[in-house]
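Architecture and fold: a report
The primary structure of each chain is shown beneath.
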Amino acid sequence: MELSGSFAGRWAPDASVFLIGMRGVGKTTIGLMLSGVLSRPFLDADRIFESAVGVPLKQFVDEHGFSAFRDRETLLLQQLVREHARGKVIALGGGVVEREENRRIIEQYAASRGPVIRILRDPNAVLAFLSAPAKDKSTWTDLQESYAAVWQRRIPWYESCSNLAFVAPSPDSSAHPSLALKAAEDAIKRFAERLVGVPSPRSLRALAATRRTTALVLPLSLVDELDRPRLEAATRGVDAIEIHIAQTLDISTARFDFGTHIALLVGRLRTMTRLPLLYRPSRQAYSAHDASTYFQLIKLGFELACEVVDVSLNLQDEELATLLEKRSPASQIMLSSTLDPSQSWGDDGARAVYARAARLGANVIRLEKAVASVDENLELRRWQTEIAASDGPPLIGLGHGDTARLSLLLNSLLTPVRLPGAAENNVDKVVLFTADELRHTSRLAGLDHPRCVHLVGTTAAATTLGQRLLDAGFRVDITQTPPLLTDVFSHPDSRAVVHLALIPQPSSGPPVPKLSLLARNATRHDVVLCLRRSSAALSSRPQEAGVYVAENTLALAVSHLVVKHLSPVNAISTRSTAILLGVPTLSAGIVPELLAAVHHLGIRRIAAVGCSSDALERLRNFEVLRTVVVTASLDEAVPALRDEFGAGSPTVIISCDADPPDLPPVLAHAVAPGIVVHLPEARLPSSGARQVENQPRTIDGWLYVGSVELSREREDRLYEVVTGYPV
Ligand SMILES: Nc1ncnc2c1ncn2[C@@H]1O[C@H](COP(=O)(O)OP(=O)(O)O)[C@@H](O)[C@H]1O
Ligand SMILES: O=C(O)C1=C[C@@H](OP(=O)(O)O)[C@@H](O)[C@H](O)C1
């Protein structure tokens, strides 16, 4: 991955990335991860220092004092900037910003030469590490100042020396060891992807061009109270989260400055959602009285690599130009303004505002205005259609006022971004309109109907998915008995964006002819999803037919779950082992899918314990299988496992009939602990084993994931495949 984003043309694509930040925030840890993501060597200034002086840092400071250390640190910094300005990831010592001369060097680098990322992390978590005994790798304790005081002093220096800010998530202390750095690794990877401008499939621009886009307005002050399930519930069918930063944000309880407080909240939000963030400091709250705070906040939005940063047009051209210079390749600029009450959508005055925003380099333009009648929405729609046909940036029009629910609904259909006003103060009040309301209103407005999904079949999964899609405003046609698929294609909505056929496909026997018919008729945008194995008829011609076939959702869910809990970098590797436990009870069709799932994870050492001869035959035919251990019980399998594989990287156990918490302790000596995914769906009803229903839990270094989480994961994968919304 290359940092090819130009950062307004300020740095070369291979410019080295410097990391700064307080001791223990994770500069070394994140630096190593980033070096993996960017495929670049990693340098740690402290380690280079130690090899230069030949003694540990602590010993050097004990013998020569801090001043001597800082002197040499300056020389080292100069050398790093001179000789390693290209192609590296470099972590600097936490105290490097203490010297003015060092700050000048780093500031200059950040101003024109390359990325300098300040790393932030929840101070409680950092302090927990620092106060733990025997972990002290350097000399910080010798500073004889409280950690908080040192951090407070350095905050403005870290800010002035950096042009990006990365908030490293900290897992809770009860997490499984292999989970500890998983969240941080995901986060830095996504941060880097935003910087290099990896096009997001959910880019607002693309969405605005194709269909209605929905954003959830989330006052940043609420982030502390939110947890992942609540946020997920509030963001179903939502394309982006608008973080609204109002002056009312309570910082009286914050231990740090305003900017750090906001950054930590945005970081927390990132750990709960993958939706793009539209960062929006309240213009009214900040720009009128305190332009410098507003400027600082906008800069922070760029540094945090928020996907969209909203900037008020209510500033002078020069001020805007100065602000926009700070943009990062990760952020699109939304320029926004409120139209005068005398102006209407698309009149000369409104067009002049739009033209100014376009000239200033907006990627998206947002205009708001009080709307008095439903007709005004149609005017806006006409103007937007005209803009869409031109090269100009997309226009988001926001009508507000007291024009009742119908107008609100119309507005939500007509404008590319819907901001549920009710969410301003309470996430629980988010309104997602029902499919009936949408259908009724869209007919009134003479519009195309919203996306339409055909669900064929009535499995439990189809019913759950159908309800979820309805909640998200999709039009859903559920057909009880699979109709002739020609009916589906002759349906008046058949040109709708999504046709989904959720078809339970028998796991054996020839492909059902209906599926081939579907494959032939499906259009480019179709999603064809089979609840069982992918039909050969579909998978053999996905490109040609414009169809992509979802992997079996169970396998998809299993591999997602494992990746979610175990990091590919820290845990799963080719030296990992997967053990399928209780294969005889598996329905034959599931075996290849589970193998596909572990193969997908990159695991090449697979053992099956307790195989029937039929299952064994299937496993043998599976090309990636290096070794199969066939024994009646796990205890008997242990010596073979140990001899064949030894303790490598963490093990993935997919358990079908054993009661996972009762894994024999002897297993611990044979393979490295990892994750146990319990698969009740795959079990014969008669096996009678206890289900693991609870939240993931850790026992003896193994993380047990129960059936509840697996089925939730499976539902999420179905929803994601159908809608394209990341869950
Ligand atoms: N995001 C994180 N979540 C949990 N632990 C972390 C995280 N980042 C770092 N750590 C742990 O904190 C400690 C200090 O990290 P380190 O990278 O050495 O910090 P620095 O280089 O900034 O002093 C290490 O034990 C590391 O494993
Ligand atoms: O904060 C500081 O003053 C220091 C931090 C240390 O680096 P890390 O932040 O990498 O631990 C190291 O350079 C030295 O002990 C001084």
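Residues numbered from 1 in each chain as written. Chains lettered and ligands numbered in written order. Predicted model: local features only at pLDDT ≥ 70, side-chain atom pairs only at ≥ 80, totals over all residues. Heavy atoms only, no water.

Per an unreviewed UniProt entry, the protein goes by the name shikimate kinase and belongs to Rhodotorula paludigena. Looking at the Catalytic activity (unreviewed entry) heading of the UniProt record, one finds this comment for the protein: "shikimate + ATP = 3-phosphoshikimate + ADP + H(+)". Under Pathway (unreviewed entry), UniProt gives the following word-for-word description of the protein: "Metabolic intermediate biosynthesis; chorismate biosynthesis; chorismate from D-erythrose 4-phosphate and phosphoenolpyruvate: step 5/7." (UniProt positions renumbered as here; feature names shortened; annotations may be inferred.)

Moving on, we come to the pairing of strand β19 (residues 576-581). Extensive coverage of β19 is indicated by the burial of six of its six residues. Taking every second residue as pointing to the same face, both faces of β19 are buried, with Ser576, Ala578 and Leu580 on one and Thr577, Ile579 and Leu581 on the other. With five bridges joining them, β19 and strand β21 (residues 649-655) adopt parallel strand pairing. Counted as the bridge partner of Ile579 is Ile653 from β21. Pairing of β19 with strand β20 (residues 605-609) involves five bridges; the strand directions are parallel. Across the sheet, the residue bridging to Leu581 is Val609, located in β20. (Buried < 20%, exposed > 50% of the residue type's maximum accessible area, 1.4 Å probe, protein only. Helix = DSSP H or I, 4+ residues; strand = E, 2+ residues; numbered from the N terminus. Pairing = 2+ DSSP bridges.)

This part covers the sheet that holds β21. Taken in spatial order, the six strands of this open sheet run β20-β19-β21-β22-β24-β23, and their pairing is mixed. Lying at the two open borders of the sheet, with one neighbouring strand each, are β20 and β23 (697-699). For this sheet, the mean inter-axis angle between neighbouring strands, taken without regard to orientation, is 20°. Of the pairings in the sheet, the one linking β21 to strand β22 (residues 675-678) comprises four bridges and is parallel in character. If you follow Ser655 over to β22, its bridge partner there is His678. (Axes fitted to C-alpha atoms, helices over the stretch in contact; angles between N-to-C directions.)

Turning our eyes to something else, we now look at unusual backbone geometry. Unusually for a residue other than glycine, Ser39 sits at a positive phi of about 55°. In this fold, Ser39 is placed in the loop between α1 (27-38) and β2 (42-44). Relative accessible area serves as the criterion here: at 63%, Ser39 is assigned to the exposed category. Backbone geometry at Ala305 places phi at a positive 60°, although glycine is not the residue there. Its place among the elements puts Ala305 in the loop between α12 (291-303) and β9 (308-312).

Time to look at the pattern of salt bridges. Using the criterion set out here, one finds 24 salt bridges in the structure. Close ionic contact of Arg274 with Asp186 constitutes a salt bridge, the shortest N to O distance being 3.8 Å. Separated by 88 residues along the polypeptide, Arg274 in the loop between α10 (258-272) and β8 (277-281) and Asp186 in helix α7 (residues 182-195) bring together distant segments of the chain. Overall, Arg274 belongs to the partly exposed group, its relative accessible area being 49%. The shortest N-O distance in the salt bridge between Glu307 and Arg270 comes to 3.0 Å. Remark: Arg270 occurs in helix α10 and Glu307 occurs in the loop between α12 and β9; sequence separation between them is 37 residues. You'll find Glu307 and Arg270 in the same group, each marked buried. (Salt bridge = Lys/Arg side-chain N within 4 Å of Asp/Glu carboxyl O.)

Moving on: the site of ligand 1. Taken together, the neighbourhood of ligand 1 is formed by 18 residues, with Gly24, Lys27, Thr28, Thr29 and Pro169 sitting nearest. Here Val25 contributes a backbone N or O atom positioned 3.5 Å from an oxygen atom of ligand 1. Contacts to ligand 1 include Gly26, whose backbone N or O atom sits 3.1 Å from an oxygen atom. Out of a free accessible area of 560 Å², ligand 1 has 82% covered by protein chains. In terms of residue count, the dominant contributor to the shell around ligand 1 is α1 (three residues). For the shell around ligand 1, the per-class residue count stands at nine nonpolar, five polar and four charged. (Near = heavy atom within 4 Å. Polar contact = N/O pair within 3.5 Å; in protein donor to acceptor, adjacent residues only side chain to side chain. Areas by Shrake-Rupley, 256 points an atom, 1.4 Å probe, with all protein chains shown as cover. Nonpolar A, V, L, I, M, F, W, Y, C, P; charged D, E, K, R; others polar.)

Further remarks concern the nonpolar core. Grouped together as the largest cluster of nonpolar side chains are 114 residues, with contacts concentrated most on Leu92 and Val311. The element best represented in this core is helix α3 (residues 57-83), accounting for eight residues. Inspection of this core shows a minimum of three residues originating in each of domain 1 (17-176) and domain 2 (213-440). Non-local contacts of Val311, meaning those with residues more than four positions away in its chain, are made with Tyr294, Ile298, Leu320, Leu323, Leu324, Ile333, Met334, Leu335 and Ser336. In this structure, Val562, Leu580, Leu601 and Ile606 belong to the second largest nonpolar core, which totals 25 residues. (Core = buried A, V, L, I, M, F, W, Y, C linked by side-chain atoms within 4.5 Å. Domains from an automatic or database assignment. Contact = heavy atoms within 4.5 Å.)

Below, the discussion takes up the environment of Thr260. Within the fold, Thr260 resides in helix α10. For Thr260, a relative accessible area of 4% gives the class buried. In this structure, the C-alpha to C-alpha distance between Thr260 and Arg121, residues 139 residues apart in sequence, is 9.7 Å. Not counting residues up to four positions away in its chain, the partners in contact with Thr260 are Leu120, Ile155 and Glu159.

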